[in-house]
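Observations on the model geometry
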Amino acid sequence: MKGAERICFIGAGAMAEAMLAGLLKNRRIDADRVSVFNRQRRDRLDKLKRTYGVRIPEDRGRAVLEADTVILAVKPKDVQEALTQWRDYFHKGQRIISVAAGISTEAVEKMIAAEIPVIRAMPNTSCTIGLSATALCAGKWAKPADMEAARYLFSAIGSAVIVDEEAMDSVTALSGSGPAYIYFMVEALERAGVEAGLSKEISRELTLQTLLGAAHMLMETREEPAELRRKVTSPGGTTMAGLEELKRRRFDEAIKSAVLRAKSRSRELGNLLEQGVK
Ligand SMILES: NC(=O)C1=CN([C@@H]2O[C@H](COP(=O)(O)OP(=O)(O)OC[C@H]3O[C@@H](n4cnc5c(N)ncnc54)[C@H](OP(=O)(O)O)[C@@H]3O)[C@@H](O)[C@H]2O)C=CC1
Ligand SMILES: O=C(O)[C@@H]1CCC=N1
């Protein structure tokens, strides 16, 4: 049904590209029905056009006007400018999906000042390869059909769940930012492997395959992570020695602090926008 949907991306950065790549790869959208624009970087738009075949509209207002779905993919601080600029072009026959961290559906609704369905989405960059973990929530005017349409889009680029808006800052902290925590751990593991005497290449290869294997074990066996951990940990063995070191250095506390701090930052981003702070 939605193959013919016209999509307009406002914002052409990392997240817009990750979504574009995933959605086009899975043929959930047609490149010639997708328009993308940003604030100023023409070279960036040319690259997206070359790579994905999407349209770079000369008439941006018309691209917004004609879109069935407008995907807002600008930084939280730029949301106000990006939306108010096109305020007169939004209309009831379309929906807006905002991926901006921390920005509530209510804030978006106030800026567009029209009864348009707004959906707040929090994907992550793994949507590039169809493996995002996305959460969606509904604004005041979004009907179940709008949520289904959004879920249809996001389910092409990974898993997609619908949550209450109160959960979105936590989602942002956990799965929106989450890939970066994992990459940080991979960086640390790789360096540690080198420190322990391996070559960089071997250390990377072993780290990545270990990560992949552990992720698949969790998904495929559905066993509790603690149980899977127990099976690796021989009494008095190497894993136990390594885990004791992680516990001594409060690994779990560090992870908890990271998620809670990211959650409060998500709230701050929303508050800053409301206070008009750039
Ligand atoms: N990166 C991630 O992992 C995730 C990001 N998000 C959210 O996605 C949003 C975008 O993040 P990201 O892609 O990383 O950011 P980037 O900085 O990579 O991209 C931001 C884009 O917005 C454009 N832009 C800024 N102002 C305007 C405007 N007034 N009109 C049109 N376009 C504008 C910029 O254009 P120009 O370059 O010309 O200034 C740029 O193309 C953020 O709100 C973030 O919270 C959500 C989930 C994950
Ligand atoms: O760092 C950020 O603010 C965005 C939101 C989630 C991932 N990246």
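Residues numbered from 1 in each chain as written. Chains lettered and ligands numbered in written order. Predicted model: local features only at pLDDT ≥ 70, side-chain atom pairs only at ≥ 80, totals over all residues.

As recorded in UniProt, the sites labelled "domain: Pyrroline-5-carboxylate reductase dimerisation" (unreviewed entry) are residues 165–269. For the annotated span residues 165–269, helix accounts for 83% and strand for 0% of the residues, and the straight-line distance between the end C-alpha atoms is 15 Å. (UniProt positions renumbered as here; feature names shortened; annotations may be inferred. Helix = DSSP H or I, 4+ residues; strand = E, 2+ residues; numbered from the N terminus.)

The feature "domain: Pyrroline-5-carboxylate reductase catalytic N-terminal" (unreviewed entry), as annotated in UniProt, sits at residues 6–102 in this numbering. The distance separating the terminal C-alpha atoms of residues 6–102 is 26 Å; by composition the span is 37% helix and 16% strand.

Another point: the domain arrangement of the protein. Under the domain assignment, the protein is made up of domain 1 (2–165) and domain 2 (178–262). Here the C-alpha centroids of domain 1 and domain 2 sit 34 Å apart. (Domains from an automatic or database assignment.)

The next point concerns the site of ligand 2. If you check the shell around ligand 2, you find Ala101, Thr172, Gly176 and Ser177 and nothing else. In terms of residue class, the shell around ligand 2 is made up of 1 nonpolar, 3 polar and no charged. (Near = placed C-beta within 6 Å. Nonpolar A, V, L, I, M, F, W, Y, C, P; charged D, E, K, R; others polar.)

All right, on to the packing of helix H7 (residues 168–176) against helix H12 (residues 251–274) then. For the pair H7 and H12, interaxial distance at closest approach is 8 Å and the crossing angle is 130 degrees. With respect to each other, H7 and H12 are oriented oblique. Between H7 and H12 lies a crossing whose hand is right-handed. Residues Asp169, Ser170, Thr172, Ala173 and Leu174 of H7 form the contact with H12, whose participating residues are Val259, Ala262, Lys263, Ser266 and Arg267. A per-class count over the contact of H7 with H12 returns 4 nonpolar, 3 polar and 3 charged. (Axes fitted to C-alpha atoms, helices over the stretch in contact; angles between N-to-C directions. Parallel < 35°, antiparallel > 145°, perpendicular 65-115°, else oblique. Left-handed = near helix turned anticlockwise from the far one by under 90°. Contact = placed C-beta atoms within 7 Å.)

Judged by nonpolar contacts, the single largest core of 60 residues is most densely connected at Phe9, Ile10, Met19, Leu72 and Ala73. For this core, the element with the most residues is helix H1 (residues 14–25), which contributes 6 residues. What Phe9 contacts, discounting residues up to four positions off in sequence, is Ala16, Val36, Ile71 and Ala73. (Core = buried A, V, L, I, M, F, W, Y, C linked by C-beta atoms within 7 Å. Buried ≥ 20, exposed ≤ 12 C-beta atoms within 10 Å, placed from the backbone.)

It is worth spelling out unusual backbone geometry at this point. Although it is not a glycine, Arg27 adopts a positive phi angle of roughly 55 degrees. In this fold, Arg27 is placed in the loop between H1 and strand E2 (34–37). Assessed through the 10 C-beta atoms surrounding it within 10 Å, Arg27 is described here as exposed. Although it is not a glycine, Arg222 adopts a positive phi angle of roughly 60 degrees. With respect to the helices and strands, Arg222 occurs in the loop between helix H9 (200–221) and helix H10 (225–232). With 7 C-beta atoms counted inside 10 Å, the residue Arg222 sits in the exposed group.

Below, the discussion takes up helix H11 (residues 238–248). Turn by turn, an α-helix covers 3.6 residues, leaving residues three or four places apart pointing in a common direction. A small share of H11 lies buried, amounting to 0 of its 11 residues. Note on H11: the residue one or two positions beyond its end, Arg250, has a positive phi of about 55 degrees.

Attention now moves to the site of ligand 1. Taken together, 27 residues sit near ligand 1, with Gly11, Gly13, Met15, Asn38 and Ala101 positioned nearest. Mapped by element, the contributors of at least two residues to the shell around ligand 1 are H1 and helix H4 (79–84). Element by element, the count of residues in the shell around ligand 1 is highest for H1, at 3 residues. Looking at the shell around ligand 1 residue by residue, the classes come out as 14 nonpolar, 7 polar and 6 charged.

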